[in-house]
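Listed below are the residues making up each chain.
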Amino acid sequence: MKRCGRAILGVAFILLYPVLADEPVDLQMVTRIKQEGLNNSQVMETLSYLTDVHGPRLTGSPNYKIAAEWCRYQLSEWGLENARLESWAFGRGWSIERYSAEMLEPYYMNIIAYPKAWTPGTNGAMSGQPLAISLEEEDLEQYRGKLAGAIVLLGEPRDHEPLFEAEAQRYTAEQLTELTGYPEEAGRTTSSRRERFAKYRAERAKRRELTRFLAQEGAAAVLEASPIAHGTLRVLSGGAFDNDTTASLPALVIALEAYNHIARLLKKNIPVKLEINIQTRFHTEDSLGYNVIAEIPGSDGKLKKEVVMLGAHLDSWHAGTGATDNASGCAVMMEAVRILKALEVNPRRTIRIALWGGEEQGLLGSEDYVKKYFADPKTMDLKPDHANFSAYYNLDNGTGKIRGIYLQESEAVRPIFEAWLKPFHDMGAATVTFRKTRSTDHVSFDAVGLPGFQFIQDPIEYFSRTWHTNMDVYDHLLADDLKQMSVIVAAFVYHTAMRDEKLPRKPLPQKTGDRR
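Keep in mind it's a predicted model, so treat the numbers as computed, not measured. (Residues numbered from 1 in each chain as written. Predicted model: local features only at pLDDT ≥ 70, side-chain atom pairs only at ≥ 80, totals over all residues. Heavy atoms only, no water.)

### Details of the overall build of the protein chain
We apply this condition: In this text, helices come from DSSP runs of H or I with a minimum length of four residues, and strands from runs of E with a minimum of two, each type numbered from the N-terminal end. Radius of gyration: over C-alpha atoms. The globule rule applied is 2.2 Å multiplied by the number of residues raised to the 0.38 power. A simple rule labels every residue: compare its accessible area, found with a 1.4 Å probe on the protein chains alone, to the largest value its type can have, and call it buried under 20%, exposed over 50%, or partly exposed in between. A 1.4 Å probe and the Shrake-Rupley method give the accessible areas. Residues count as covered only by the protein chains that appear here. The charge count includes Lys and Arg as positive and Asp and Glu as negative, but it does not include His or the ends of the chains. Working definition for charges: the position is that of NZ of Lys, CZ of Arg, CG of Asp or CD of Glu.
The helix and strand tally for the protein chain stands at 13 helices and 17 strands. At 25 Å, the protein chain has a C-alpha radius of gyration in line with the 24 Å of a compact globule built from 516 residues. Along the longest, intermediate and shortest principal axes, the C-alpha atoms of the protein chain span 95 × 50 × 45 Å. Out of the 516 residues belonging to the protein chain, those deemed buried represent 53%. When the accessible area of the protein chain is evaluated, it comes to approximately 23300 Å², of which 50% is carbon and sulfur surface. Measuring between centres, the 61 positive side-chain charges of the protein chain sit 5 Å from its 68 negative side-chain charges.

This is the structure in structure tokens:
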């Protein structure tokens, strides 16, 4: 009996033995999470509803609200509590009812195109010969009195270089090793980022000035070339969502190849006739944005008031169905909490999922949430819940599997995350880097001194093909990668909720300037 008892104790010791000296890992729970997440996954079914059923989810649009309500319902059906929509001030919504773009002369050609968000329609079909204007044009006076009713090709044609490497990529071992090193230019990051933003703001101001001139002169519509080729359209906004903003011109992004085609004909002085028909709608009946929130309540008498959060942005751009940006992140986070509920986990801390709106317009949903419950980064006056926050985990880089995590320059969490990743080394997730990453919702938490983290993901086709494009659809999702992501997130959230202490924090930041 002594030998048997020692053997049992030995097995238990192995299962609960700290993977690293100071951070225990519950390998029994990791095993259960893997079994549920890999064998009974619902992540692809969730993704089909978010993309195929609900379509593009532009902030403020009817589609977004319907998708948000479905997420709230689904989370509640899985047993999460306090499932709700929390509102914040936004502006007007926008949607497309129908559109077409065609070349009628010198011969017929259907033009691959998509309207830019928050732009008006054409009030029926309109036709005419296009006029090309360079974005670098300084002498706009030469066009005064000549643009009434014109279809403007805005910008120079661009040469296209063929691709000699695969668009889809996974990180190599060498690239992941390089990622763990702190970049040599880190000391210049702030100044270089300011320079980039200054250049971006200058270009944006120039574009606005040019658009204003075109509108004043009575131009009928603007056509711009997609920044990427092969018939793929990267489409963002061409107007503003503020309720008191005057509508801009009708605007289409068209395929680079079609744009160059038309530009070459015009350069040869061959008459071209285009017909454009755009019908869009502004929605002013509801000026609010929405976040979806739901919880698994904590069970520890002392720790249940503390919160562990996971989230992703639910909103998308409108040319595709927002599959990799960011239905994938939402579905993984929803699957993570589904796994924990299916395992009947009783976390010590409260686990809270958030699906954000307005990320594409500037992290609006997560910023409002952080200001409401934790702190305003402009003042850094801390609210009581700031002290009860443990961590926030974010996903927003497509369908590629998790390869590790960014420490967001918080060295104190390194041994913790290295321990939690060790059971997933065989699934390709092992990299922990001191580097920070920006431009998504964990930044809202990091900006007020709360631990907020983004996972490292394989890029796959994210920036090369799907990001903000008409190709961002269900067919570009990878089921096995999404299952892997779901179990890793579930394990991270579980261990964060069960620790004796909250995750360590960096020193509180000063009042913020531009942190994106």
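Let us keep going from here.
### Focus: empty space enclosed by the protein
Threshold: Cavity and pocket criteria rest on a 1 Å grid covering protein atoms alone: a 1.4 Å probe that fits but cannot get out defines a cavity, protein on both sides within 12 Å along at least 5 of 7 lines defines an open pocket, and an atom within 4 Å of a point defines a lining residue. Grid points are joined across faces, edges and corners, and a volume is the space filled by probe spheres set on the points. All amino acids are sorted into three groups, where Ala, Val, Leu, Ile, Met, Phe, Trp, Tyr, Cys and Pro are nonpolar, Asp, Glu, Lys and Arg are charged, and the leftover types, Gly among them, are polar.
Summed over all chains, the structure comprises two cavities of 30 Å³ or more. As a volume, the largest cavity reaches approximately 50 Å³. Taken together, Val235, Ser316, Trp317, His318, Ala319, Gly320, Gly322, Asp325, His468, Thr469 and Asp472 make up the full set of residues lining the largest cavity. Of the residues contributing to the lining of the largest cavity, the split by class is three nonpolar, six polar and two charged.

### Some points on the confidence of the model for the protein chain
Quick note on the threshold: pLDDT is a per-residue confidence score from the predictor, ranging from 0 to 100. Contact definition: two residues touch when any of their heavy atoms are within 4.5 Å.
The predicted model of the protein chain averages 93 in pLDDT, with 93% of residues at 70 or higher. Per-element confidence in the protein chain ranges from a low mean pLDDT of 41 for helix α1 (residues 2–16) to a high of 99 for strand β13 (residues 350–356). Confidence over residues 1–20 falls short of pLDDT 50; this stretch has 17 contacts with residues more than four positions distant or in other chains.

### Remarks on the sheet that holds strand β10 (residues 273–283)
Worth spelling out the cut-off: Strand pairing is defined by DSSP finding a minimum of two bridges between the two strands.
Ordered in space as β3-β2-β10-β5, the four strands form an open sheet in which the pairing is antiparallel. A strand with exactly one partner marks an edge of an open sheet, and here the two such strands are β3 (109–110) and β5 (126–128). As paired elements, strand β2 (residues 93–105) and β3 share two bridges and run antiparallel to each other. Bridged to Glu102 within β3 is Asn110.

### As for the pairing of strand β14 (residues 389–394)
Judged by how many residues are buried, β14 sits mostly within the fold: six of six residues are covered. The pairing of strand β12 (residues 307–313) with β14 spans five bridges and is parallel. Paired with Leu310 across the bridge in β14 is Tyr393. Here β14 pairs with strand β17 (residues 452–457) via three bridges, running parallel. Paired with Tyr392 across the bridge in β17 is Gly452.

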